[in-house]
Amino acid sequence: MAKLELLQSISGHKGIVWNVSWHPLGKIFASCGEDKIIKLWGKEGEAWSMKTVLVDGHQRTIREVAWSPCGNFLASASFDGTTAVWDKKSGQFECNATLEGHENEVKSVAWSPSGQLLATCGRDKSVWVWEVAGEDEYVCEAVLNAHNQDVKKVAWHPSSDLLASASYDNTVKIYKEDQMDSDWTCIATLQSHESTVWSLAFDKSGKRLATCSDDRTVKIWQEYGPDNQEGVNVEDRESIWKCVCTLSGYHTRCIYDITWCTTTGLIATACGDDIIRVFKEADDSDPSAPTFDLIYTKLDAHSQDVNCVKWNPLGNQELASCSDNGEIKIWKFTEQ
Amino acid sequence: MTKIADNVNPDVYDKGSEREVTTNERNEDIVDEFDQREVFDLIRNINDPEHPLTLEELRVVEEKNILVDNDKNVVNVYFTPTIPHCSMATLIGLSIRVQLLRALPSRFKVTVEVSEGTHVSEHAVNKQLADKERVAAALENNNLVQIINQCVVNS
């Protein structure tokens, strides 16, 4: 029997907690929300406690926080239209760079695996790619206007500079830099969801992408390159992404977030029905038409919408989640 | 700013009677669940953004277009714009949603939608009202919050 055991419930913020983000070493996580502050939490003995509060970085809701792969920088995306980058070169965390350019709410921020690029997106329908140009210096490399509605989330491929974005226009777009002219372009549009796509997560290999939507489904997409063995026709494109699995009938309201564990391969979802669900690929799953089973349902995981779920990058099956009522919870998943 | 209302001469209806308080409701030992009428009472006196009239008087909200499920913690409100191209539909929906977010216990999942077939942009309005991130962002806009507060002031 699988179980999701609550390790700790934290009264984290005043109002909505929108996002939690694990430090790459898994010993610290950051949280943010409606109260416009960022909190850093660390483990003392068995319990998580607040280590640092980052204030005065933003004028409005902080929608998402993201640690750089090296763990030295924390980026925060805010409804105030800016993205802040924090570090503790001076000994304590300070905001040393502010990325301006979006017309209004910035909704997501993500670092590329090399840590050399940052992506942001927002209500102005655009996705921006920023390059780390030097100490505390970031330059805009590209403004991508592929979506025709606001863009909810950006996520990088785990090992290459391939970027994915999810939007209110019901689609997911994939972008890549052309090596010849260093222009960023949209190389694929993933169309199948029937409402807003709220979040997305790559698997460990980067060959698969999981997306979650207001249409109450989760979809698994798979990349097929030019010489794929399955015989999928790619035409003259670099690769195509096909929806190979749709998980419907499980979620009863909008699905706000999805996380794919790079160690165990387990998928967890955050849903507006207050439930956290865990899915696992079946043992006899067909690689080109995979099946995923719902292996655990945590009813009333929070007393309001679950906004975010994140597996600890250590692969220790710890899961962090947060909700509208200011709560953050740390869980431990076990599968027997 | 002067702007002519979308519907300059809307039909106006009489207000319904006040809710009668039953003896069971006065009895503290009896669990008093939320019902249609109670939710209706929370939103009937919301002011229309364009007319000195309430949503009840314009029949934008009606008791019969409210669904309450206490077991599932669900409240659905369907509102009917006075004309199908009403540019205020989103604002009216937002006012209803804000009023219910403020007045109902947080356990309720509140959905506010345009009554089927009563607005040209029904789908777009519904999608926007259902997007909690957009609603949250809108409620950080002071000008908009002031307008909404004027709408819900008597509720």
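Predicted model only: the values in this text are computed from it and were never measured.

Residues and elements named next belong to chain A. The 4 strands lie next to each other as E10-E11-E12-E13, forming an open sheet whose pairing is antiparallel. Where the open sheet ends on each side, the last strands, each with one partner, are strand E10 (106-111) and strand E13 (137-144). If you compare each strand with its neighbour and ignore which way they point, the axes differ by 25° on average. Here 5 bridges tie strand E11 (residues 117-122) to strand E12 (residues 127-134), and the two strands are oriented antiparallel to one another. The partner of Cys-121 across the bridge, within E12, is Val-127.

Attention now moves to the pairing of strand E3 (residues 28-33) of chain A. All names here are of chain A. Here E3 lies mainly inside the structure; 5 of its 6 residues are buried. Of the pairings in the sheet, the one linking strand E2 (residues 17-22) to E3 comprises 5 bridges and is antiparallel in character. Residue pairing for E3: Asn-19 is matched across the bridge by Cys-32. In sequence, E2 turns back onto E3 through a hairpin of 5 residues, with Gly-26 there showing a positive phi of about 75°.

This brings us to the nonpolar core. One finds Ile-43, Val-61, Val-77, Phe-79, Ile-96 and Leu-100 of chain B to be the most contacted residues of the largest nonpolar core, which totals 36 residues. Elements supplying a minimum of two residues to this core: helix H2 (36-43), strand E2 (74-79), helix H3 (89-103), strand E3 (109-114), helix H4 (122-130), helix H5 (132-138) and helix H6 (142-152) of chain B. The element that contributes the greatest number of residues to this core is H3 of chain B, accounting for 7 residues. With residues near it in sequence (within four places) discarded, Ile-96 of chain B still touches Ile-43, Ile-46, Leu-55, Val-61, Val-77, Phe-79 and Val-112 of chain B. In terms of nonpolar packing, the next biggest core, distinct from the first, is built from 19 residues, Tyr-224, Val-232, Val-234 and Val-244 of chain A among them.

Take the pattern of salt bridges next. Under the defined criterion, the tally for this structure stands at 31 salt bridges over all chains. Here Asp-131 of chain B and Lys-152 of chain A are joined by a salt bridge, their closest N and O atoms 2.7 Å apart. On the criterion of chain membership, the pair formed by Asp-131 of chain B in the loop between H4 and H5 and Lys-152 of chain A in strand E14 (residues 151-156) is interchain, its members lying in two chains. Here Asp-131 of chain B matches Lys-152 of chain A in class, with each residue buried. A salt bridge links Glu-62 of chain B to Lys-64 of chain B; the shortest N-O distance between them is 3.9 Å. A cluster of three or more residues bridged by salt bridges with shared partners is formed by Arg-63, Lys-107, Asp-150 and Lys-152 of chain A together with Asp-131, Glu-133 and Arg-134 of chain B.

In this structure the tally under the stated criterion is 15 aromatic pairs over all chains. Residues Trp-22 of chain A and Phe-29 of chain A carry aromatic rings whose centres are separated by 5.4 Å and whose planes lie at 65° to one another, so their mutual orientation is edge-to-face. Using a relative accessible area of 8% as the deciding quantity, one classes Trp-22 of chain A as buried. Considering the side-chain rings of Trp-128 of chain A and Trp-130 of chain A, the 5.3 Å spacing of their centres and the 20° angle between planes classify their relative orientation as stacked. You'll find Trp-128 of chain A and Trp-130 of chain A in the same group, each marked buried. Joined through ring pairs, the aromatic side chains of Trp-22, Phe-29, Trp-41 and Trp-48 of chain A make up one cluster. Across from the ring centre of Tyr-224 of chain A, 5.6 Å away, lies the NZ or CZ of Lys-242 of chain A, which sits over that ring. One cation-aromatic arrangement involves Lys-127 of chain B over Tyr-168 of chain A; the distance from NZ or CZ to the ring centre is 4.5 Å.

Cut-offs and rules
Residues numbered from 1 in each chain as written. Chains lettered and ligands numbered in written order. Predicted model: local features only at pLDDT ≥ 70, side-chain atom pairs only at ≥ 80, totals over all residues. Heavy atoms only, no water. Pairing = 2+ DSSP bridges. Helix = DSSP H or I, 4+ residues; strand = E, 2+ residues; numbered from the N terminus. Axes fitted to C-alpha atoms, helices over the stretch in contact; angles between N-to-C directions. Buried < 20%, exposed > 50% of the residue type's maximum accessible area, 1.4 Å probe, protein only. Core = buried A, V, L, I, M, F, W, Y, C linked by side-chain atoms within 4.5 Å. Contact = heavy atoms within 4.5 Å. Salt bridge = Lys/Arg side-chain N within 4 Å of Asp/Glu carboxyl O. Phe/Tyr/Trp six-rings, centres within 6.5 Å; stacked < 30°, edge-to-face > 60°. Lys NZ or Arg CZ within 6 Å of the ring centre and 35° of its normal.

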